[in-house]
Amino acid sequence: MRLEEGSELDGFRIGVCLHAGAMARIYELGYADGREPPFPMVMKLPLMRDGDGGENIVSFEIEHQLLQVLHGPHVPRFVAAGDLDRVPYLAMEYVKGVTLEAWIKTFTDANETIPVEAIVRVGAKLAQAVHSLHQQNVCHLDLKPANALLSDEDRIVLLDFGLSC
């Protein structure tokens, strides 16, 4: 399903599409009544096409369940979820920053070596984020540079919990 900018869904106003991937689309999000949200938000809609297996909806449900109970600075805050029978979505905190994939690419595109100090700093933050999940009895199972965000506040936020347990 594709949402149009400015449309409304369950009390939310849909903003621009920030990402259109193989498994989901991510949209900027606000409240339909115009009130200011307590933090920036996004809406994640799983892609479900004719002929797809159940993987997308199963991973959506896993992420839905986990985001409701995970807490701390290394996961986006959960806001709401849409009904599977109508429009499945996850509304959550929008964390500004760059994925580790994009961060690494800035160095490779410039044909530069990542400074050892930066690798150590980011690696330690990533270890703290994973440890925080493990303390909450969750294993990510899809940890890769595209699923770890280096926030503008210089913290690692883990994304995409669809394969987690």
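For the structure itself, look to the data block above.
Throughout, residues of each chain are indexed from 1 in the direction in which the sequence is written. Two thresholds apply to this predicted model, a pLDDT of at least 70 for residue-level local features and 80 or more for giving and counting side-chain atom pairs, whereas whole-chain, interface and lining totals are computed over all residues. Values reported for side chains reflect all heavy atoms of the structure, with hydrogen atoms and water molecules removed beforehand.

### Details of the packing of aromatic side chains
In summary, the pairing rule links any two rings of Phe, Tyr or Trp, Trp by its six-membered ring, whose centres are within 6.5 Å, and it sorts them by plane angle into stacked for under 30 degrees, edge-to-face for over 60 and tilted for everything else. Using the criterion set out here, one finds 3 aromatic pairs in the structure. Plain terms: the ring middles of phenylalanine 12 and tyrosine 31 are 5.8 Å apart, the flat faces sit at 20 degrees to each other, and that makes the pair stacked. Placement of the pair is phenylalanine 12 in strand S2 (residues 12-20) and tyrosine 31 in strand S3 (residues 24-31), with a sequence separation of 19 residues. Plain terms: the ring middles of phenylalanine 12 and tyrosine 89 are 6.2 Å apart, the flat faces sit at 85 degrees to each other, and that makes the pair edge-to-face. Segments assigned H or I by DSSP are reported as helices when at least four residues long, segments assigned E as strands when at least two residues long, and all are numbered from the N terminus.

### Some remarks on the pattern of salt bridges
Counted as salt bridges are all cases of a side-chain nitrogen of Lys or Arg within 4 Å of a carboxyl oxygen of Asp or Glu. For the structure on display, the rule yields 12 salt bridges. Arginine 35 is the partner of aspartate 33 in a salt bridge, and the nearest nitrogen-oxygen pair spans 3.0 Å. Only protein chains enter the accessibility calculation, which uses a 1.4 Å probe; a residue whose area is less than 20% of its type maximum is buried, one above 50% is exposed, and one in between is partly exposed. Judged by relative accessible area, aspartate 33 falls into the exposed class, the value being 54%. On the basis of relative accessible area, arginine 35 is assigned to the partly exposed category, the value being 47%. Residue glutamate 63 is joined to lysine 44 by a salt bridge in which the shortest nitrogen-to-oxygen separation is 2.7 Å. Here glutamate 63 is found in helix H1 (residues 55-69), whereas its partner lysine 44 is found in strand S4 (residues 41-46), with 19 residues between them in sequence. Of the two residues, glutamate 63 and lysine 44, both sit in the buried class. Salt bridges sharing common partners tie together Arg77, Glu93, Glu153 and Arg155.

### Some remarks on the state of the cysteines
Our working definition of a disulfide is a cysteine sulfur pair at a distance within 2.5 Å. Overall, the coordinates contain 0 disulfides when judged by the stated rule. The thiol of cysteine 165 is not disulfide-bonded; the next cysteine sulfur, from cysteine 139, is found 5.3 Å away.

### Examining the pairing of strand S6 (residues 90-93)
A strand pair is defined by DSSP finding two or more bridges across the two strands. Examined bridge by bridge, S4 and S6 share 4 bridges and lie antiparallel to one another. Bridge assignment links lysine 44 to a residue of S6, and that residue is leucine 90. Examined bridge by bridge, strand S5 (residues 78-81) and S6 share 3 bridges and lie antiparallel to one another. In the sheet register, alanine 81 faces S6, and the bridge partner there is leucine 90.

### Here we look at the environment of leucine 90
Considering the arrangement of structural elements, one finds leucine 90 in strand S6. On the basis of relative accessibility, which here comes to 0%, the residue leucine 90 falls in the buried class. C-alpha of leucine 90 to C-alpha of proline 46: the two residues are 44 residues apart in sequence and 8.8 Å apart in space. Here leucine 90 is in contact with Val42, Met43, Lys44, Phe60, Glu63, His64, Leu67, Phe78, Ala80 and Ala81, once residues within four sequence places are set aside. In what follows, residue pairs with any heavy atoms lying within 4.5 Å of each other are defined as contacts.

### With respect to the side chain of lysine 44
Accessibility expressed as a relative area gives 14% for lysine 44, which makes it buried. A polar contact is formed between the side chain of lysine 44 and the side chain of glutamate 63, at a distance of 2.7 Å. When neighbours within four sequence positions are excluded, lysine 44 is seen to be in contact with Ala24, Arg25, Ile26, Glu63, Pro88, Tyr89, Leu90, Met92 and Asp160. Counting of polar contacts relies on pairs of N or O atoms within 3.5 Å, with two restrictions inside protein: one atom must be capable of donating a hydrogen and the other of accepting it, and residues adjacent in sequence are counted only when both atoms are side-chain atoms.

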